[in-house]
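# Per-entry structural report
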Amino acid sequence: MAFSSLGAFFAMGGHGPYVWAAWGVTALLMAACVIHARIERRQLARVLTRRARRGGTSQPHQASHADDP
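Residues numbered from 1 in each chain as written. Predicted model: local features only at pLDDT ≥ 70, side-chain atom pairs only at ≥ 80, totals over all residues. Heavy atoms only, no water.

## What about the packing of aromatic side chains?
- Summed over all chains, the structure comprises 4 aromatic pairs.
- Where Phe10 meets Trp20, the ring centres are 5.7 Å apart and the plane angle is 50°; that geometry is what we call tilted. Taken together, the residues span a long stretch of sequence, with Phe10 in helix 1 (residues 6-11) and Trp20 in helix 2 (residues 16-54) at a distance of 10 residues.
- On the basis of relative accessible area, Phe10 is assigned to the partly exposed category, the value being 45%.
- Counting every residue linked through ring pairs, the aromatic cluster contains Phe3, Phe9, Phe10 and Trp20. (Phe/Tyr/Trp six-rings, centres within 6.5 Å; stacked < 30°, edge-to-face > 60°. Helix = DSSP H or I, 4+ residues; strand = E, 2+ residues; numbered from the N terminus. Buried < 20%, exposed > 50% of the residue type's maximum accessible area, 1.4 Å probe, protein only.)

## So, helix 2
- Taking 1.5 Å of rise per residue, the 39 residues of helix 2 would be expected to cover 57 Å, and the 57 Å separating its terminal C-alpha atoms lies within 8% of that figure.
- Gly55, located one to two residues past helix 2, shows a positive phi value of around 80°. (Expected span 1.5 Å × (residues − 1).)

## Notes on the environment of Phe10
- Residues Phe10 and Trp20, spaced 10 residues apart in sequence, show a C-alpha to C-alpha distance of 8.1 Å.
- Apart from the residues within four sequence positions on either side, Phe10 is in contact with Gly16 and Trp20. (Contact = heavy atoms within 4.5 Å.)

Note that all results are geometric; they support no functional claim without further evidence.
Structural data, given as structure tokens:
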């Protein structure tokens, strides 16, 4: 083991606050990404359910260009 005790592990030779803050920020951002993705997925499911109930099978609008045949 690289550290003599659990306290020394958490202190990380005096760099503990920086190391653990970096781990904390990373974990927080990763959790926020997961939560955001779940919220967006629920919103998309609601929109698609509403469209299916309305019979809305409309295609997305595609812009036509002058050089299209």
